[in-house]
Amino acid sequence: MITLALDSSSKTVGIALLEDDETLVESFFNLGVNSSILLLPAIRDVFQKAGMDAEHVDLWACTTGPGSFTGLRIGLGTLKGLALATGRPIAGVSTLEALAFNGIHSSRVICPMMDAQRNQVYTALYTAESDFSLRRIGEERLADLEAFLPRITEKALFLGDGALKNQQRIVECLPDRACFAAPHLHAVRACAVGLLGRESHRRGEILDLLTFTPRYLRLSEAEVKRLQQDQQG
């Protein structure tokens, strides 16, 4: 099975082309450039390097949130167009699960954290299973750090830009329980999105092209303003 996977949910952009579980080509960008500028040229480049095109793809996979409102919309919109053109399905992957996959070899609880601004993070807790799958403990959430950290009672591996931004606060709250991933493991890898997407596809979990939407965990600014106007009116 050929899978094209992408992530544009945060400040980084990643595209990977996989054949079964093997990564053929992978591109990663951390340039602070709008993902709309990078995605299509990067996808074309990945196909060119592999000697393939969109018609070779059996499955499209992408992160569905949480993350950047704009980045998620661009990524999902791009794959939706490719899926409609080729008639191939899309598998959606949680951004937090894809990030947690970087810690798949850890015996600790895995805690991915994405910076959500306003002293908040998108986060969840996972454990790694013996078959290199992840088991989530509880729900994904938009959390205030001070309220969330005391709930972690076991030794934990932290990773993601939210963990790096709040590293000192995490260590102060969990001095004997917190450790942090290596520098290259704090961003989502598109190859992980591809592997997780294939597992979703095996379980029959495919996105409905007409109805699926990103999972933001937070209202957009426009939605907040609309809600405030409705309450005032």
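Read on for a plain summary of the structure. (Residues numbered from 1 in each chain as written. Predicted model: local features only at pLDDT ≥ 70, side-chain atom pairs only at ≥ 80, totals over all residues. Heavy atoms only, no water.)

**Digging into helix α7 (residues 190-202)**
We apply this condition: The helix and strand labels rest on DSSP assignments: H or I over at least four residues marks a helix, E over at least two residues marks a strand, and numbering proceeds from the N terminus. Here the expected length of a helix is defined as 1.5 Å per residue gap, with one fewer gap than residues. Type-normalised accessible area, obtained with a 1.4 Å probe on protein chains alone, sets the label of each residue: buried when under 20%, exposed when over 50%, and partly exposed for intermediate values. In what follows, a contact means two residues having at least one pair of non-hydrogen atoms within 4.5 Å.
In a regular helix each residue adds 1.5 Å, so 13 residues correspond to 18 Å; α7 covers 18 Å between its end C-alpha atoms and thus fits that length. Every buried residue of α7 is listed here: Ala 190, Cys 191, Ala 192, Val 193, Gly 194, Leu 196, Gly 197, Arg 198 and Ser 200. On its buried side, α7 packs onto β1 (2-7), β2 (13-19), β3 (22-29), β4 (59-63), β5 (90-93) and α3 (95-100). Just beyond α7, the residue with positive phi is Gly 204, at close to 80°.

**Quick word on the nonpolar core**
Note on soluble globular proteins: their nonpolar side chains tend to be buried together. Short version of the rule: What we call a nonpolar core is a set of buried Ala, Val, Leu, Ile, Met, Phe, Trp, Tyr and Cys residues that are connected through their side-chain atoms within 4.5 Å.
Counting residues in hydrophobic clusters, the biggest one holds 27 residues, and the most contacted among them are Leu 96, Ala 98, Phe 101, Ile 110, Tyr 126, Leu 134 and Val 193. Elements supplying a minimum of two residues to this core: β2, α3, β6 (109-115), β7 (120-128), β9 (156-159) and α7. If near-sequence neighbours (up to four positions away) are discounted, Ala 98 is found in contact with Thr 63, Val 93, Val 188, Ala 192, Val 193 and Leu 196. Residues Ile 2, Val 25, Val 57 and Leu 76 belong to the second largest nonpolar core, which totals 25 residues.

**Some remarks on helix α1 (residues 35-50)**
For an α-helix the count is 3.6 residues per turn, leaving residues at separations of three or four pointing the same way. Given a rise of 1.5 Å per residue, 16 residues ought to cover 22 Å, and the 22 Å separating the end C-alpha atoms of α1 matches this to within 8%. Along α1, the positions that sit buried rather than exposed are Ser 35, Leu 38, Leu 39, Ala 42, Ile 43, Val 46 and Phe 47. Phi turns positive one or two residues past the end of α1, at Gly 51, with a value near 70°.

**Here we look at the packing of α1 against helix α2 (residues 69-86)**
Two quantities define a packed helix pair, namely the angle between the helix axes and the distance between the axes. What counts, and what does not: Axis lines are fitted to C-alpha atoms, over the contacting stretch for helices. Their N-to-C directions set the angle, which ranges from 0 to 180 degrees. We call two directions roughly parallel when the angle between them is under 35 degrees, roughly antiparallel when it is over 145, roughly perpendicular when it lies between 65 and 115, and oblique otherwise. Take the far helix as the reference: if the near one is turned anticlockwise from it by less than a right angle, the crossing is left-handed, and if turned clockwise, right-handed. Following the grouping adopted for this structure description, the nonpolar residues are Ala, Val, Leu, Ile, Met, Phe, Trp, Tyr, Cys and Pro, the charged ones are Asp, Glu, Lys and Arg, and the polar ones are all others, Gly among them.
The interhelical angle for the contact between α1 and α2, taken along N-to-C directions, is 30°, at an axis separation of 10 Å. The orientation of α1 with respect to α2, classified from their angle, is roughly parallel. Crossing handedness for the pair α1 and α2: right-handed. Contacts between α1 and α2 involve Ser 35, Ser 36, Leu 39, Leu 40 and Ile 43 from the first element and Gly 71, Ile 74, Gly 75, Thr 78 and Leu 82 from the second. Taken together, the residues of the contact of α1 with α2 break down into five nonpolar, five polar and no charged.

**A word on unusual backbone geometry**
Glycine aside, residues mostly have negative phi angles, and peptide bonds mostly take the trans form. A cis amide bond links Gly 65 with the next residue in sequence, Pro 66, at an omega value of 5°. Mapped onto the fold, Pro 66 is located in the loop between β4 and α2. Residues other than glycine seldom take positive phi values, yet Asp 20 does so here, at roughly 55°. Within the secondary structure layout, Asp 20 lies in the loop between β2 and β3. For Asp 20, a relative accessible area of 36% puts it in the partly exposed group. Its identity is not glycine, yet Gln 117 carries a phi of approximately 65°, on the positive side. Relative to the elements of secondary structure, Gln 117 occurs in the loop between β6 and β7.

**Here we look at the sheet that holds β4**
Defined as follows: Any two strands with at least two DSSP bridges between them are considered paired.
Spatially, five strands are ordered β3-β2-β1-β4-β5 in an open sheet, and the strand pairing comes out mixed. Two strands in the sheet have a free side with no partner beyond their single neighbour: β3 and β5. Along the sheet, successive strands turn relative to each other by an average axial angle of 15°, direction set aside. Pairing geometry for β1 and β4, over four bridges, is parallel. When the bridges of β4 are listed, Leu 6 appears paired with Cys 62. Where α1 meets the sheet, it contacts β1, β2, β3 and β4, and its direction lies at approximately 25° from that of β2. Contacting β1, β4 and β5, α2 crosses the sheet at an angle of about 170° to β4.

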